[in-house]
There are 4 protein chains.
Amino acid sequence: MNSQAGVDGAASISRVQRKRGRRIQEILTTAAELFGERGYDAVSLDDVAERLDVTKGSLYYYFASKDELAVAAIETLGANWTARLERLADTQGGSACDRLRALIREHMAIAVGEYPAALRLFLAPSTWPDDPRARIKELRRRHDRVFRGIVEEGVAAGEFTVTTVETTLQCMHAAMAQAPLWTAGLDVPECDECLDELTHTLMKLVASPAEN
Amino acid sequence: MNSQAGVDGAASISRVQRKRGRRIQEILTTAAELFGERGYDAVSLDDVAERLDVTKGSLYYYFASKDELAVAAIETLGANWTARLERLADTQGGSACDRLRALIREHMAIAVGEYPAALRLFLAPSTWPDDPRARIKELRRRHDRVFRGIVEEGVAAGEFTVTTVETTLQCMHAAMAQAPLWTAGLDVPECDECLDELTHTLMKLVASPAEN
Amino acid sequence: MNSQAGVDGAASISRVQRKRGRRIQEILTTAAELFGERGYDAVSLDDVAERLDVTKGSLYYYFASKDELAVAAIETLGANWTARLERLADTQGGSACDRLRALIREHMAIAVGEYPAALRLFLAPSTWPDDPRARIKELRRRHDRVFRGIVEEGVAAGEFTVTTVETTLQCMHAAMAQAPLWTAGLDVPECDECLDELTHTLMKLVASPAEN
Amino acid sequence: MNSQAGVDGAASISRVQRKRGRRIQEILTTAAELFGERGYDAVSLDDVAERLDVTKGSLYYYFASKDELAVAAIETLGANWTARLERLADTQGGSACDRLRALIREHMAIAVGEYPAALRLFLAPSTWPDDPRARIKELRRRHDRVFRGIVEEGVAAGEFTVTTVETTLQCMHAAMAQAPLWTAGLDVPECDECLDELTHTLMKLVASPAEN
DNA sequence: GATGAATGAGTTTTCATTCAT
DNA sequence: GATGAATGAAAACTCATTCAT
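Residues numbered from 1 in each chain as written. Chains lettered and ligands numbered in written order. Predicted model: local features only at pLDDT ≥ 70, side-chain atom pairs only at ≥ 80, totals over all residues. Heavy atoms only, no water.

Peer 1: Report on the interface of chain A and chain B, specifying residues and quantitative values.
Peer 2: Of the residues lining the interface, 36 residues belong to chain A; the matching set on chain B comes to 35 residues. When residues of chain A are sorted by the area they lose upon contact with chain B, A:Thr163, A:Thr201 and A:Lys204 head the list and together hold 20% of the total. Taken together, the connections running from chain A to chain B amount to zero salt bridges. On the surface where chain A and chain B come into contact, there are 14 residue pairs in polar contact (both at pLDDT 80 or more). Listing elements by their share of the side of chain A that touches chain B, those giving two or more residues are helix 1 (2-38), helix 8 (165-183) and helix 9 (188-203) of chain A. At nine residues, the largest contribution of residues to the side of chain A that touches chain B is made by helix 8 of chain A. A breakdown of the residues in the side of chain A that touches chain B according to their chemical character gives 16 nonpolar, 13 polar and seven charged. (Contact = heavy atoms within 4.5 Å. Buried area = accessible area lost by both parts, 1.4 Å probe. Salt bridge = Lys/Arg side-chain N within 4 Å of Asp/Glu carboxyl O. Polar contact = N/O pair within 3.5 Å; in protein donor to acceptor, adjacent residues only side chain to side chain. Helix = DSSP H or I, 4+ residues; strand = E, 2+ residues; numbered from the N terminus. Nonpolar A, V, L, I, M, F, W, Y, C, P; charged D, E, K, R; others polar.)

See below:
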């Protein structure tokens, strides 16, 4: 019985904790959405609060400032995203070519399907305050590492021909970041086709040139 | 004396006009700079006024609102830019390949050298109010037309192989828009090399694939 | 067993009571400290709660409002303090001069040693809300009564020479209230010496003047 | 005529300047009044604005923050005050005793008559933010220097007997700072009498003791 | 008893805009 | 033409207070 009580205590603590965690996730998701849609400056905490149907004050219960909220939102969004890309890169077999194609496709699929607005995070980081900006850069670097690994491999294996790994990755990321804009308003099959075309186009960046 | 006075009057009016024009140009250049650096929201009219060393009130003498100033700034910047690209595309002979390469190179050179921050205008247009946003889109469309013309030509001539003209142009613009970010902080020769590499990389988007 | 239980119940109630009392004392001490350090406005209930390592909500379990907490804090602090001064004044024999000197010394010793910040309560009462302010005034009056008694006695006995009992007491209190500020940062012997000097200086307020 | 125009230009500039100066003085006076009456925390910029019959925004045209306004208010108030005390101390002849008495009387007269609420500046400085607090301390030090000079002189000349110059000055300032509180609500003759009594009482702090 | 969550009113601060001169 | 002054609406942030659990 005592031990039961102990378990009960622990359980209720963790239930509270879980509830808190869920609340925080709700807030972060909503915030990430809004920041993505309109950018940092154009989103007020009132906007975030209203979409969550709480008051501004409540947000300050969980986050000490707008910056902190933004950082946390970016962090969560990025953590999930990167993890999935890394898993994909690790588990997958096949040629560098197949793996890169899958990675590009997946990256855009996540962007378009789940974080339709996250591109703003990766573009124009200078409109963000210092702290969130630093997190965005870090996030970017982690995404980049996944792609860079495969590209370097492909080059080493003679599968890929690139001007420079650096510029190749830059162009690739720049284009992928815009995908959600280009697919905005399309229905699912159209969107899929668009992403396929984009993937195919981007693969040309590492293709070996024709002999003429 | 009268005629003299008349001439004087006309002369001084046109001198005044010219001075006014110069003043406006100064304002627009500075505004474009700032909007490019930080984005629409993060720039206050006080910022613009301070960098010009005039008062906020004076800006309202020339422009009726922040929006109007933004529109005008984008317009001027774009007019000059597009004109140069169009001239380049028109006057130039040679293969589609050579002409596209030159166009890409010139576009980035103008961006990096003369409007170091202006490409931010193209990146996340949804942070702009409706009116300036419309102008940005129009500007984009005009730039796009120049590139599209050559790409279509190259495809028709069998020089280029693309997945889709549309996606090819999208990827190209996305990457070119980031050039100023990537070259920031480089000295002139480094920057030139970087742009050459980028150009070379982007040309792969239209290259015919190797036979294997 | 029943009786045992009854005893237990009674015992545990009183144990609870005692615990409650102790809890309240902790809160009041901490609150008095903080209010003394920073004044009423600059102290938030979060500050109090944090220093006590409880939640704000808990404070409301014991006190209905910030005002009430402030009043109670002042009250407790004052009750003990006044009691000790009154006892000292009553039990002590000797000349009015000796007794006044001892009272001044003790008053400052309590202030400096036990309520290092509490004297700020007396300094600028108008920054406090009505209710706490009234208590502060009352507390002040009680302290004043103790001093006034001895001064009047000394004057009546011809031991003291004063311009006015009123102004003498005012100056005395004003100076004593600053003692904690002046001794802040001194070590014990230095502090003792400082208080001795202050006491000696203040005794001049009631001294008979030299004949010249 | 030309020279006249030149003068006109200069004149209108200085007229504008003077007007601006006067506006700032109005604001500072009002702010000093309010801060004195209620303390830093209890005064909102809305309060200041309302008493001046302008909007909050206007205050920010002249001062960058509440702190800056507070600092400026203290500064102006203090500059005038100190200057008058220093002039009094310098120009005046007579014994140290007469001069100290005059200084005490004048200090309190200024406090009571012109800055009825300034005492809050000198008491409990810890309720102020860092920057204003530093200015207050500096102001205090300047006042102290004037008094210290005369007291040291009087001691050197054998006119004064003190326990310690330091404690004597501390007690003196502590008491003088309270004068406005004690005289609050008195009419002019009563107030004068009260200040005379206070002055007389405070002079006892430097008096030579009776021989017994 | 105690806590975490939420609220709403109030405070500081920013800024596009207006206007008299 | 140009400026200084003023405004008002909105944003970020704070905090005493309430309440369900």
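Peer 1: I'd love a proper account of the side chain of D:Asp144, names of residues and values included.
Peer 2: Residues and elements named next belong to chain D. Take aspartate 144: it is sitting in helix 7 (residues 130-156). For aspartate 144, a relative accessible area of 14% gives the class buried. Only 3.1 Å separates the side chain of aspartate 144 from the side chain of histidine 173, close enough to count as a polar contact. (Buried < 20%, exposed > 50% of the residue type's maximum accessible area, 1.4 Å probe, protein only.)

Peer 1: Lay out the pattern of salt bridges with the relevant residues and their values.
Peer 2: Residue and element names in this part refer to chain A. Tallied over the full model, the rule gives 64 salt bridges over all chains. We note a salt bridge from arginine 135 to glutamate 75, for which the minimum N-O separation is 2.7 Å. In this pair, arginine 135 is assigned in helix 7 (residues 130-156) and glutamate 75 in helix 4 (residues 66-91), connecting sequence segments 60 residues apart. Residue class for arginine 135 comes out partly exposed when judged on its relative accessible area of 32%. The closest approach of N and O atoms between arginine 101 and aspartate 98, which form a salt bridge, is 3.4 Å. Remark: aspartate 98 and arginine 101 occur in helix 5 (residues 96-113); sequence separation between them is three residues, near one turn of the helix.

Peer 1: For the packing of helix 5 (residues 96-113) of chain D against helix 7 of chain D, give the residues involved together with the corresponding values.
Peer 2: Residues and elements named next belong to chain D. At a closest axis distance of 9 Å, the pairing of helix 5 and helix 7 adopts a crossing angle of 160 degrees. With respect to helix 7, the axis of helix 5 lies roughly antiparallel. Taken as a pair, helix 5 and helix 7 cross one another with a handedness that is left-handed. Taking contact as the criterion, the partners of Ala96, Arg99, Leu100, Leu103, Ile104 and His107 in helix 5 are, on helix 7, His143, Val146, Phe147, Ile150, Val151, Glu153 and Gly154. (Axes fitted to C-alpha atoms, helices over the stretch in contact; angles between N-to-C directions. Parallel < 35°, antiparallel > 145°, perpendicular 65-115°, else oblique. Left-handed = near helix turned anticlockwise from the far one by under 90°.)

Peer 1: An account of the packing of aromatic side chains is needed here, citing residue identities and associated values.
Peer 2: Summed over the entire model, instances satisfying the criterion amount to 17 aromatic pairs over all chains. Plain terms: the ring middles of B:Phe35 and B:Trp128 are 5.5 Å apart, the flat faces sit at 65 degrees to each other, and that makes the pair edge-to-face. Here B:Phe35, found in helix 1 (residues 2-38), pairs with B:Trp128, found in the loop between helix 6 (120-123) and helix 7 (130-156); they are 93 residues apart in sequence, far enough to count as distant. For the pair B:Phe35 and B:Trp128, one class covers both residues: buried. By way of ring pairs, the aromatic residues A:Phe35, A:Tyr40 and A:Trp128 are connected into one cluster. Seen from the ring of B:Tyr40, B:Lys66 lies directly overhead, with NZ or CZ sitting 4.3 Å from the centre. (Phe/Tyr/Trp six-rings, centres within 6.5 Å; stacked < 30°, edge-to-face > 60°. Lys NZ or Arg CZ within 6 Å of the ring centre and 35° of its normal.)

Peer 1: Let's hear about the protein's contact with DNA strand E: which residues, and what values?
Peer 2: By nearness alone, 30 residues border DNA strand E, and A:Arg20, A:Tyr61, C:Thr55, C:Ser58 and C:Tyr62 come closest of all. Note that a phosphate oxygen of DNA strand E is positioned 2.7 Å from one of the side-chain N or O atoms of A:Arg23. One nitrogen or oxygen atom from the main chain of B:Leu45 is found 2.8 Å from a phosphate oxygen belonging to DNA strand E. Considered class by class, the residues forming the surface near DNA strand E number 13 nonpolar, 10 polar and seven charged. (Near = heavy atom within 4 Å.)

Peer 1: How would you explain the relation of the copies chain A and chain B if you had to name every residue and give the values?
Peer 2: Relating one copy of the chain to the other requires a rotation about an axis plus a shift along that axis. Overlaying chain A on chain B yields an RMSD of 0.3 Å, the required transformation being a rotation through 179 degrees with an accompanying axial translation of 0.0 Å. This pairing of chains is accounted for by a two-fold axis. By residue overlap, the copies meet face to face through one surface: 97% of the interface positions of chain A are interface positions in chain B. (Least-squares fit on C-alpha atoms with pLDDT ≥ 70 in both.)

Peer 1: Outline the interface of chain C and chain D, listing residues and values.
Peer 2: It is common to report an interface's size as the accessible area lost on association of the parts. With 35 residues of chain C at the contact, the number on the chain D side is 36 residues. Buried area between chain C and chain D, both sides added, is near 2,900 Å², and the carbon and sulfur share of it is 61%. Summed over the three residues of chain C that lose the most area to chain D, namely C:Thr163, C:Thr201 and C:Lys204, the buried surface amounts to 20% of that side. Our enumeration of links across chain C and chain D arrives at zero salt bridges. At the junction of chain C with chain D, the criterion picks out 14 residue pairs in polar contact (both at pLDDT 80 or more).

Peer 1: So what about the protein's contact with DNA strand F? Which residues, and what values?
Peer 2: Taken together, 30 residues form the shell around DNA strand F, and within it B:Thr55, B:Ser58, B:Tyr62, D:Arg20 and D:Tyr61 come nearest. Taking the atoms of DNA strand F that fall within 4 Å of the protein, sugar and phosphate contribute 72% of them. In this structure, B:Tyr61 approaches DNA strand F through a side-chain N or O atom, which is 3.2 Å from a sugar or linking oxygen. Elements that contribute at least two residues to the surface near DNA strand F include exactly helix 3 (56-62) of chain A, helix 1 and helix 3 (56-62) of chain B, helix 3 (56-62) of chain C together with helix 1 (2-38) and helix 3 (56-62) of chain D. Tallied by class, residues from the surface near DNA strand F come to 13 nonpolar, 10 polar and seven charged.

Peer 1: Could you give me a rundown of the environment of C:Ser208, with the residues and numbers involved?
Peer 2: Residue and element names in this part refer to chain C. Mapped onto the fold, serine 208 is located in the segment after helix 9 (188-203). Each C-alpha atom of the pair serine 208 and leucine 69 lies 45 Å from the other, and the pair is 139 residues apart in sequence. Only 2.9 Å separates the side chain of serine 208 from the side chain of threonine 161, close enough to count as a polar contact.

Peer 1: Help me get a handle on the nonpolar core, residues and values and all.
Peer 2: Counting 127 residues, the largest nonpolar core has A:Leu100, B:Trp81 and B:Leu100 as its most contacted members. Per-element accounting of this core gives the leading share, 10 residues, to helix 8 (residues 165-183) of chain B. Those residues in contact with A:Leu100 that sit more than four places away from it in its chain are A:Phe147, A:Ile150, A:Val151, A:Phe160, A:Met172, A:Met203 and A:Val206. One finds C:Leu103, C:Phe160, D:Trp81 and D:Val165 within the second-largest nonpolar core, a separate group that totals 126 residues. (Core = buried A, V, L, I, M, F, W, Y, C linked by side-chain atoms within 4.5 Å.)

Peer 1: Run through the relation of the copies chain C and chain D, naming residues and quoting values.
Peer 2: By a simple turn and slide, chain C fits onto chain D: the slide is 0.1 Å along the axis, the RMSD is 0.3 Å, and the turn is 180 degrees. A shared binding surface is used by both copies, with 100% of the interface residues of chain C retained as interface residues in chain D.

Peer 1: Can you break down helix 9 (residues 188-203) of chain D residue by residue, with the values?
Peer 2: The first and last C-alpha atoms of helix 9 of chain D sit 22 Å apart over 16 residues, in line with the 22 Å expected at 1.5 Å per residue. Listed in full, the buried residues belonging to helix 9 of chain D are D:Cys191, D:Cys194, D:Leu195, D:Leu198, D:Thr199, D:Thr201, D:Leu202 and D:Met203. Buried positions along helix 9 of chain D lie against helix 8 (165-183) of chain C together with helix 5 and helix 8 (165-183) of chain D. (Expected span 1.5 Å × (residues − 1).)

Peer 1: I'd like a rundown of the packing of helix 7 (residues 130-156) of chain C against helix 8 of chain C, residues and numbers included.
Peer 2: Residue and element names in this part refer to chain C. One can describe the packing of helix 7 onto helix 8 by two numbers: an axis separation of 10 Å at closest approach and a directional angle of 130 degrees. As judged from the angle between their axes, helix 7 and helix 8 are oblique. Two packed elements cross with a definite hand, and for helix 7 against helix 8 that hand is right-handed. From helix 7, His143, Asp144, Phe147, Arg148, Val151 and Glu152 reach across to helix 8, where they touch Val165, Glu166, Leu169, Met172, His173 and Met176.

Peer 1: Give a detailed account of unusual backbone geometry, specifying residues and quantitative values.
Peer 2: All names here are of chain B. Of note, the phi angle at aspartate 53 is positive, near 60 degrees, even though the residue is not glycine. With respect to the helices, strands and loops of the structure, aspartate 53 is situated in the loop between helix 2 (45-52) and helix 3. Look at aspartate 53 and you get exposed, because its relative accessible area is 69%.

Peer 1: Explain helix 2 of chain B to me, using residue names and the numbers behind them.
Peer 2: Residue and element names in this part refer to chain B. Buried residues of helix 2: Leu45, Val48, Ala49 and Leu52, and no others. Along the axis of helix 2, the buried residues cluster in a sector spanning 95 degrees; they form a single face. Two residues or fewer after helix 2 comes aspartate 53, characterised by a positive phi angle close to 60 degrees. (Arc of directions from axis to C-beta.)

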